[in-house]
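# Structural characterization, general
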Amino acid sequence: MVFPENYEPKIGFERIRDAVKSYCHSESAAALVDEEIFSSDFDLIRNKLLRVKECLLMINEEGFSMDPFPDISQSIGKLTLNGAYLEVEEVADLRKNLV
């Protein structure tokens, strides 16, 4: 179903988005929340809920840290440039995001 452009403000969806963003530990996570839109598509919603379930399982695993992940977006951008390299600190931040 197609919703009008002003549907999200009418139903207060931005309040939900803001509430979710208050739990984000990084700017990149908050940016992902900003990209979310209202949907009534069952398959899309089910897929997103399965992702949440997977994240909750990871959080409950021993050794998983909820410490903020370093923002590595600029470091990743450097990797696309010929001849560019990462500094030692950037490699350490990258590793923190991958472990």
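Residues numbered from 1 in each chain as written. Predicted model: local features only at pLDDT ≥ 70, side-chain atom pairs only at ≥ 80, totals over all residues. Heavy atoms only, no water.

### Observations regarding the environment of Ala84
Worth spelling out the cut-off: The way it works is that DSSP assigns letters per residue, a run of H or I at least four long becomes a helix, a run of E at least two long becomes a strand, and they are numbered from the N terminus. Working definition: with a 1.4 Å probe on protein chains only, accessible area under 20% of the residue-type maximum means buried, over 50% means exposed, and in between means partly exposed.
Mapped onto the elements, Ala84 comes out in the loop between helix H5 (73–78) and helix H6 (88–98). Accessibility expressed as a relative area gives 31% for Ala84, which makes it partly exposed. For the pair Ala84 and Cys55, spaced 29 residues apart in sequence, the C-alpha separation works out to 33 Å.

### Description of the pattern of salt bridges
The condition that has to hold: In the sections that follow, a salt bridge refers to a side-chain nitrogen of Lys or Arg positioned within 4 Å of a carboxyl oxygen of Asp or Glu.
Per the counting criterion, the structure on display carries five salt bridges. Put simply, Asp43 and Arg46 hold a salt bridge, and the shortest N to O gap is 3.6 Å. Pair noted here: Asp43 and Arg46 are both in helix H4 (residues 42–60), with a separation of three residues, about one helical turn. Its relative accessible area of 47% is what places Asp43 among the partly exposed residues. Of the residues examined, Arg46 reaches a relative accessible area of 44% and is grouped as partly exposed.

### Let's talk about the packing of aromatic side chains
Put simply, the rule reads: Any pair of Phe, Tyr and Trp rings, taking the six-membered ring for Trp, is counted once the centres come within 6.5 Å. Such a pair is stacked with planes under 30 degrees apart, edge-to-face with planes over 60 apart, and tilted for the rest.
According to the stated counting rule, one finds two aromatic pairs in the structure shown. For the pair Tyr7 and Phe38, a centre-to-centre distance of 5.2 Å together with 55° between the ring planes defines the contact as tilted. Taken together, the positions of Tyr7 in helix H1 (residues 7–11) and Phe38 in the loop between helix H3 (27–35) and H4 put the pair 31 residues apart, joining distant regions of the chain. When its relative accessible area of 25% is taken as the criterion, Tyr7 is described as partly exposed. Phe38 sits in the partly exposed class, given a relative accessible area of 26%. Grouping aromatic residues by their ring pairs yields a cluster made of Tyr7, Phe13 and Phe38.

### Some remarks on the state of the cysteines
This is how the line gets drawn: Cysteine sulfur atoms that pair up within 2.5 Å are treated as a disulfide.
Scanning the model with the defined rule gives zero disulfides in all. Here Cys24 is not disulfide-linked; the sulfur of Cys55 is the nearest cysteine sulfur, at 12 Å. Among the residues examined, Cys24 registers a relative accessible area of 24% and is labelled partly exposed. Overall, Cys55 belongs to the partly exposed group, its relative accessible area being 42%.

### Describing the side chain of Arg17
Let me state the cut-off plainly: Whether two residues touch is decided by their heavy atoms; if any such pair falls within 4.5 Å, the residues are in contact.
By the element assignment, Arg17 lies in helix H2 (residues 13–21). Residue classification places Arg17 among the buried residues on the basis of a relative accessible area of 13%. When neighbours within four sequence positions are excluded, Arg17 is seen to be in contact with Glu8, Val33, Asp34, Glu36 and Ile37.

### A look at the packing of H2 against H3
Put simply, the test is: Angles here are taken between N-to-C directions and fall from 0 to 180 degrees, while the axes themselves are lines fitted to C-alpha atoms, restricted in helices to the stretch in contact. If an angle is under 35 degrees, it is roughly parallel; if it is over 145, roughly antiparallel; if it lies from 65 to 115, roughly perpendicular; otherwise it is oblique. Should the near helix be turned counterclockwise from the far one by less than a right angle, the crossing is left-handed, whereas a clockwise turn marks it as right-handed. Asp, Glu, Lys and Arg are counted as charged, while Ala, Val, Leu, Ile, Met, Phe, Trp, Tyr, Cys and Pro are counted as nonpolar; the rest, among them Gly, fall into the polar class.
Viewed as axis vectors pointing N to C, H2 and H3 meet at an angle of 165°, and their least axial separation amounts to 9 Å. Judged by the inter-axis angle, H2 sits roughly antiparallel to H3. Remark: the crossing between H2 and H3 carries right-handed chirality. Contacts from Arg17, Val20 and Lys21 of H2 reach H3 at Ala30, Val33 and Asp34. Across the contact of H2 with H3, the residue classes tally to three nonpolar, no polar and three charged.

Distances and angles like these do not, on their own, reveal function.
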